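Listed here are the chains, written in short residue letters.
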Amino acid sequence: MKIVFLDKKTLGDDLDFSKFKEFGEVIFYQSTKKEQTLQRVKDANIVVTNKVVIDKKIIDKSKIELICVAATGMNNIDLEYAKRKNITVKNVASYSTSSVAQLTFGMAFYLINNLKYYDTYTKDSNGWSKSEIFTHFEKTFFDIKDKTWGIIGLGEIGKEVAKIASCFGSNVIYFSTSKKNNNPLYKRVSLEELLTSSDIISIHAPLNKETKNLINSTNLPLLKDNVILLNLGRGGIINEKDLANFMDKKNIKVGLDVLEKEPITSDNPLLRIKNKDNLLLTPHIGWASIQSRKRLLDGIYNNIKNFLGEKQ
């Protein structure tokens, strides 16, 4: 049995992969370019991939039996063709819920409380040390208690965010991107109502034909002044060009952990907005707490173990 990890670096160097050796030969590649994929998987029985694409061409020219996706989303796999060829495809669900929720609130509080400004002011030799009073509140901030927190995509992560926001006393509403999610604990509203009434908006939806460019120049003007807009779902849900233009016209604060092209490109319009303090960018780390990555690795291990057990 030959197992190939195509982009081990995306899982981190601080995890123990030794247990996979019990299944047979294991080969690790830190990353894999498109033109390298076929050569690396053609003799593999099991392939583990996070973002490397496994398409019809790769499937036809290899002997893959199991594809383990080191993530929840499986956009990088030709699922229909894999099924036709009797190739099993397994992902790992719900491993990162707490990690993404934690970053959601980290981003929200960073922006709401103007922490970049206050940190800089306090450390500046001409800042707090020169103050005549014990405090300083030049930049206004607010409690999230009694504020409306709108959630786009009430899946596992969205529900966790809703639960935590409720504990802080926020009024939670949500928009179902699938139009099928009816949760009795929270009020379901239209996208227009969510955008117009929310003080904080967080996105936790997958990218698909219903969510591509969901937030764009036609509905961004519906947002309240000083709204906090967070995307921890998928890049492409917010039209980045439209958002950059809008941020130069209206006072909103935005936190993005995901972008349409990752890593970020040097020509991304968000890098050129006027008020950069209103924008917080992180390099798709929401899923990546040490505990989440351990759960993910355990999930991959169990998927392989179960697959091999079923073959016996």
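Source: prediction; values computed, not measured.

Asker: Explain the pairing of strand 11 (residues 253–256) to me, please; I cannot follow it from the model alone.
Answerer: Burial of strand 11 is two-sided: the residues Lys 253 and Gly 255 facing one way and the residues Val 254 and Leu 256 facing the other way are all buried. For strand 10 (residues 228–231) and strand 11, the ladder comprises four bridges, and the chain directions are parallel. What sits directly across from Leu 229, in strand 11, is Val 254. Once the chain exits strand 10 it traverses helix 8 (residues 240–247) before rejoining the sheet at strand 11, and the crossover so formed is right-handed. Inspection of the sheet shows strand 11 paired to strand 12 (residues 279–281) by three bridges, in the parallel sense. For Val 254, the partnering residue across the bridge sits in strand 12 and is Leu 279.

Asker: Explain the nonpolar core here, please?
Answerer: Across soluble globular proteins, nonpolar side chains have a tendency to be buried as a group. If you look at the biggest cluster of nonpolar residues, it comprises 41 residues, and the most contacted ones within it are Phe 20, Ile 54, Ile 300 and Ile 304. The dominant element in this core, judged by the number of residues it contributes, is helix 9 (residues 290–311), at seven residues. Apart from the residues lying within four places of it in its own chain, the contact partners of Phe 20 are Ile 3, Phe 5, Val 26, Leu 297, Ile 300, Tyr 301 and Ile 304. Core analysis: the second largest hydrophobic core is formed by 29 residues, Ile 173, Val 189, Leu 191 and Leu 223 among them.

Cut-offs applied
Residues numbered from 1 in each chain as written. Predicted model: local features only at pLDDT ≥ 70, side-chain atom pairs only at ≥ 80, totals over all residues. Heavy atoms only, no water. Buried < 20%, exposed > 50% of the residue type's maximum accessible area, 1.4 Å probe, protein only. Helix = DSSP H or I, 4+ residues; strand = E, 2+ residues; numbered from the N terminus. Pairing = 2+ DSSP bridges. Right-handed = clockwise from strand over helix to strand, strands pointing away. Core = buried A, V, L, I, M, F, W, Y, C linked by side-chain atoms within 4.5 Å. Contact = heavy atoms within 4.5 Å.

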